[in-house]
Amino acid sequence: MEVRQTLTAVEQLPRINPRSHSTGWAMSSASGLNAVLETAALMHASGQLDAARTVLEEAIATEPETAGMPLVWLALLDLYQQSGNQVAFERYGMEYAVRFEQSPPVWVPRVSLGVGARSPGAEHSPKVEVTSARIQLEGKITAAVKTLTVPLLHILDAPEKEAYQVDLSRAQLIDEEGARHLAQVLAKVRRLQLNIVLEPWPKALLDETKARAVEAPDREGEGYWQLWLELLQWQKDETLFEACALDFALRFELSPPAWEPARGRTLQQPVTTKPAKVELVAVPEEAPLPPNMIVWRGVLQGAHAPQLAALKERLPLYDELVIDMHDVSRVDFSYGGALANLVVRAETARKRVVFIRTSPMVLTLLLLVGIPPRVFSRRKK
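Residues numbered from 1 in each chain as written. Predicted model: local features only at pLDDT ≥ 70, side-chain atom pairs only at ≥ 80, totals over all residues. Heavy atoms only, no water.

Draft legend 1. Expanded view of the overall build of the chain. Tallying secondary structure elements over the chain gives 14 helices and 9 strands in all. Looking at the chain as a whole, 48% of its 381 residues are labelled buried. Of the contacts made within the chain by residues no fewer than 6 positions apart, 73% connect residues no fewer than 24 positions apart. A total of about 18100 Å² of accessible surface is found on the chain, and carbon and sulfur atoms cover 52% of it. (Helix = DSSP H or I, 4+ residues; strand = E, 2+ residues; numbered from the N terminus. Buried < 20%, exposed > 50% of the residue type's maximum accessible area, 1.4 Å probe, protein only. Contact = heavy atoms within 4.5 Å. Areas by Shrake-Rupley, 256 points an atom, 1.4 Å probe, with all protein chains shown as cover.)

This is the structure in structure tokens:
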């Protein structure tokens, strides 16, 4: 789930203003969070995921002011994703997009960070040599002529040390189903995170796809939109991608694809039609962690947890410590309280603790125990 969306939601939280609502929910004077969020956060912290979900669902259905808070929706979507309820996730995600005019979170199962992430001080992965190949797709992209993409599909079984240059400059877009098929194949290849580049950049194909997507009548041209969004992933244009993803969600009432740009290794020299030797730079996951970064995973419990002890030891060593929370599924109340004390201690010593990629439910609990919104970063550093 996007940290950017979550932090925007936090910024839109109402200021502390205790007062009663007709349904009995009240604003908390302690955290500035709506009491619905506080209750759900405490339930989640104690492992009561179903109860937390019910509280949020009922509040959205019966409490207009609560339903107007983006973080309430993001927290509920987080719970659906944790429980594997994709149907409810998609339905509430669409309602979120319409209500707040923001691109909704996408259905991305939580996975752990690569085991290749190493501890500070580890040496960089050495460069390796790989065999490269050039694939040129030349012809018409139609629903009937899917053989055009067969060479791309062979990459799905490619050895990890194979590098590819894919040339789409001579591919001609004919119909929507062809565009949809090409988008699906490119997405499969991109998610391999191998050393694959689109070179030369298929500007003509992108321009044609964009034109057909924009000119299509309302609720039509979904295939063109899918290919447009996929090419933006390869182009790594996140700003335009997010704007187009929101338009896609509103136009077709579907969740857009996740922002997962091609992160393949970088070719250090052009690839020719003949097999060549090229240098390969390690992917980001294989690089050592920065010395001031900590990665936490799983369920964090107890005021005397080893993760807290490790954080306490490292605080004096750096002006800023970054904690990646992407793989943290739950934080209990005692752990959160102890963590809040460490954050206060760090700020008193003019140190800074920054949390990145924090899920909405964990974020809500940490706000509840007193950790200020300013320490949560919008994106990975």
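The rest of the description comes next.
Draft legend 2. How the structure looks around the packing of helix 2 (residues 35–45) against helix 14 (residues 360–368). At their nearest, the axes of helix 2 and helix 14 sit 9 Å apart, and the two run at 110° to each other. The orientation of helix 2 relative to helix 14 falls into the category roughly perpendicular. On helix 14, the residues touching Leu-37, Glu-38, Ala-40, Ala-41, Leu-42, His-44 and Ala-45 of helix 2 are Met-361, Thr-364, Leu-365 and Leu-368. Of the residues in the contact of helix 2 with helix 14, the class split is 8 nonpolar, 2 polar and 1 charged. (Axes fitted to C-alpha atoms, helices over the stretch in contact; angles between N-to-C directions. Parallel < 35°, antiparallel > 145°, perpendicular 65-115°, else oblique. Nonpolar A, V, L, I, M, F, W, Y, C, P; charged D, E, K, R; others polar.)

Draft legend 3. Layout of helix 12 (residues 306–314). When helix 12 is considered as a whole, its buried residues turn out to be Leu-308, Leu-311 and Arg-314. Taken end-on, helix 12 shows its buried residues confined to a sector of 130°, consistent with a single buried face. In helix 12, the exposed residues that point more than 90 degrees away from the buried face are Pro-306 and Glu-313. The inward-facing, buried residues of helix 12 contact strand 7 (293–300), strand 8 (320–331) and helix 13 (333–348). (Arc of directions from axis to C-beta.)

Draft legend 4. The arrangement of the side chain of Gln-233 in detail. Structurally, Gln-233 is set in helix 10 (residues 222–235). At a separation of 3.0 Å, a polar atom in the side chain of Gln-233 contacts the main-chain amide nitrogen of Glu-260. (Polar contact = N/O pair within 3.5 Å; in protein donor to acceptor, adjacent residues only side chain to side chain.)

Draft legend 5. Up close: the pattern of salt bridges. Scanning all chains against the criterion turns up 15 salt bridges. With a shortest N-O distance of 3.6 Å, Glu-57 and Arg-53 are connected by a salt bridge. Residue Glu-57 and its partner Arg-53 are located together in helix 3 (residues 49–62), separated by 4 residues, close to a single helical turn. A relative accessible area of 23% places Glu-57 in the partly exposed class. Overlapping salt bridges bring together Glu-176, Glu-177, Arg-180 and Glu-222 as one network. (Salt bridge = Lys/Arg side-chain N within 4 Å of Asp/Glu carboxyl O.)

Draft legend 6. Expanded view of the nonpolar core. Counting residues in hydrophobic clusters, the biggest one holds 59 residues, and the most contacted among them are Leu-56, Trp-296, Phe-355 and Ile-371. Sort the elements by how many residues they give to this core and helix 5 (residues 70–83) lands first, with 9 residues. Aside from chain neighbours lying at most four places away, what touches Ile-371 is Leu-339, Ala-340, Val-343, Phe-355, Leu-366 and Phe-376. In terms of nonpolar packing, the next biggest core, distinct from the first, is built from 35 residues, Val-166, Leu-198, Leu-232 and Phe-248 among them. (Core = buried A, V, L, I, M, F, W, Y, C linked by side-chain atoms within 4.5 Å.)

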